Amino acid sequence: MTPRYAMVVDTRRCVACKACVLACKAENQVPDGFCRDWLVEEVRGRFPNLSAENRSERCNHCGHPPCVSACPTGASHVAEGGVVLVTHHKCTGCKACIAACPYDSRYVHPEGHVDKCTFCLHRVQEGRQPACVEVCPTECLHFGDLSDPDSEVSRLLATRTWKVLHPETGCEPNVYFLK
Ligand code: SF4
Ligand code: SF4
Ligand code: SF4
């Protein structure tokens, strides 16, 4: 069966150490001042009834990615497992994809092309986990194949409550947050 790669983020386990951000920068040679993943520390409610949520966020590798339809050169495309990628040499840096992405997941690399999270597909193709998943000290990041009902990500989504960010966009994100 064709794989459908997804990431499941257990927000309750995240201690906001940002190791995922640093590991991604090192693995993918992300230039200074930019990032492919980032941490959102959200506090809700009013004192004394406050609740906090730490979310390691990245491109959602959307099932209906508007960045891909907006790209005039075909540089942005859907690859193996539904992973959304940018072919650097086809990218003119026009930023149409950046304007189309509701999640602000992309940036212009100093070399002129657009860049973003790749789900570390180069590692996944070697049977390894994405760098951020491997480094997380509290194991809150889970990566796998949702087309396999026995995968860890499928089991987590079947047994826990979860959300995706801004479902109203209709983009069908493939990054899920356990509550
Ligand atoms: Fe949270 Fe894990 Fe990232 Fe640390 S490495 S910030 S615990 S997701
Ligand atoms: Fe495209 Fe943005 Fe969705 Fe990633 S999060 S696939 S960049 S629309
Ligand atoms: Fe960065 Fe890879 Fe994690 Fe994406 S999957 S945020 S590229 S380390």
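Residues numbered from 1 in each chain as written. Chains lettered and ligands numbered in written order. Predicted model: local features only at pLDDT ≥ 70, side-chain atom pairs only at ≥ 80, totals over all residues. Heavy atoms only, no water.

### Points about the overall build of the protein chain
This is how it is decided: Starting at the N terminus, helices and strands are each numbered in turn, a helix being any DSSP run of H or I of at least four residues and a strand any DSSP run of E of at least two. Note on method: radius of gyration uses C-alpha positions; expected globular size equals 2.2 Å times residues raised to 0.38. Think of it in three bands: residues with accessible area under 20% of the maximum for their type are buried, residues over 50% are exposed, and the middle band is partly exposed, with areas taken using a 1.4 Å probe on protein chains only.
When you go through the protein chain residue by residue, the secondary structure sums to six helices and 10 strands. Its C-alpha atoms give the protein chain a radius of gyration of 16 Å, near enough to 16 Å, the size a compact globule of 179 residues would have. Structurally, the protein chain occupies a C-alpha span of about 50 × 40 × 35 Å along its principal axes. With 179 residues in all, the protein chain has 51% of them scored as buried.

### Structural notes on the site of ligand 3
Let me state the cut-off plainly: Throughout this document, a residue counts as near a molecule or strand when at least one of its heavy atoms sits within 4 Å of that molecule or strand. Three residue categories are used. Nonpolar comprises Ala, Val, Leu, Ile, Met, Phe, Trp, Tyr, Cys and Pro, charged comprises Asp, Glu, Lys and Arg, and polar comprises the others, including Gly.
Taken together, Cys24, Asn28, Arg36, Asp37, Arg58, Cys117, Thr118, Phe119, Cys120, Pro130, Ala131 and Cys132 make up the full set of residues near ligand 3. Each residue belonging to the shell around ligand 3 can be placed in one class, and the counts come to seven nonpolar, two polar and three charged.

### Thoughts on the packing of aromatic side chains
Selection rule: Under the pairing criterion, centres of Phe, Tyr and Trp rings, with the six-membered ring standing for Trp, must be within 6.5 Å; the plane angle then separates stacked pairs below 30 degrees from edge-to-face pairs above 60, leaving the rest tilted.
Tallying each qualifying case throughout the model produces four aromatic pairs. Ring pairs connect the aromatic residues Tyr5, Phe119 and Phe143, which therefore count as one cluster.

### Some points on the side chain of Arg106
Selection rule: Asp and Glu are treated as the negative residues and Lys and Arg as the positive ones, with His and the ends of the chain left uncounted. The term salt bridge refers to a pairing of a side-chain nitrogen on Lys or Arg with a carboxyl oxygen on Asp or Glu at a separation within 4 Å. Pairing of N or O atoms within 3.5 Å defines a polar contact, subject to two protein rules: one partner must be a possible hydrogen donor and the other a possible acceptor, and residues neighboring in sequence count only if both atoms are side-chain atoms.
Along the polypeptide, Arg106 turns up in the loop between helix H3 (96-100) and strand E6 (107-108). Buried and unpaired, Arg106 has no salt bridge, with Asp115 as the nearest side chain of opposite charge at 8.9 Å. Side chain to side chain, Arg106 and Ser76 meet in a polar contact 2.9 Å long.

### A few points about unusual backbone geometry
Along the chain, Phe47 connects to Pro48 via a cis peptide bond; the corresponding omega equals 5 degrees. Residue position: Pro48 is located in the loop between strand E2 (37-46) and strand E3 (49-58). Backbone geometry at Asp104 places phi at a positive 55 degrees, although glycine is not the residue there. Mapped onto the elements of the fold, Asp104 is located in the loop between H3 and E6.

### Considering the site of ligand 2
Of all residues adjacent to ligand 2, which total 14 residues, the nearest are Cys59, Cys62, Cys67, Cys101 and Arg106. Split into classes, the residues belonging to the shell around ligand 2 amount to nine nonpolar, three polar and two charged.

### Let's talk about helix H1 (residues 19-27)
Within H1, the full set of buried residues consists of Ala19, Cys20, Val21, Ala23 and Cys24. Gln29 sits one or two residues past H1 and shows a positive phi near 45 degrees.

### Observations regarding the pairing of strand E1 (residues 5-10)
Each regular strand shows side chains that alternate between the opposite faces of the sheet. The line we're drawing: DSSP calls a pair of strands paired once it identifies at least 2 bridges connecting them.
Most of E1 is tucked away, with six of its six residues classed as buried. By the alternation rule, side chains of E1 split into Tyr5, Met7 and Val9 and Ala6, Val8 and Asp10, which are all buried. In this structure, E1 lies alongside strand E8 (residues 141-145), joined through five bridges in antiparallel fashion. Bridging across to E8, Tyr5 finds its partner in Asp145. When E1 meets strand E10 (residues 175-178), the two strands line up parallel, connected through four bridges. Paired with Val8 across the bridge in E10 is Tyr176.

### Quick notes on the environment of Leu85
Condition: Contact definition: two residues touch when any of their heavy atoms are within 4.5 Å.
Among the secondary structure elements, Leu85 is positioned in strand E5 (residues 84-86). Measuring from C-alpha to C-alpha, the distance between Leu85 and Ala75 comes to 7.9 Å, with 10 residues separating the pair along the chain. Here Leu85 is in contact with Ala75, Ser76, His77, Ala79, Thr118 and Leu121, once residues within four sequence places are set aside.

### What about the sheet that holds strand E9 (residues 162-163)?
With mixed pairing, four strands are arranged side by side in an open sheet as E8-E1-E10-E9. Each of the sheet's edge strands pairs with one partner strand only, and the pair in question is E8 and E9. Direction of pairing for E9 relative to E10: antiparallel, over a ladder of two bridges. The residue of E10 that forms the bridge with Lys163 is Phe177.

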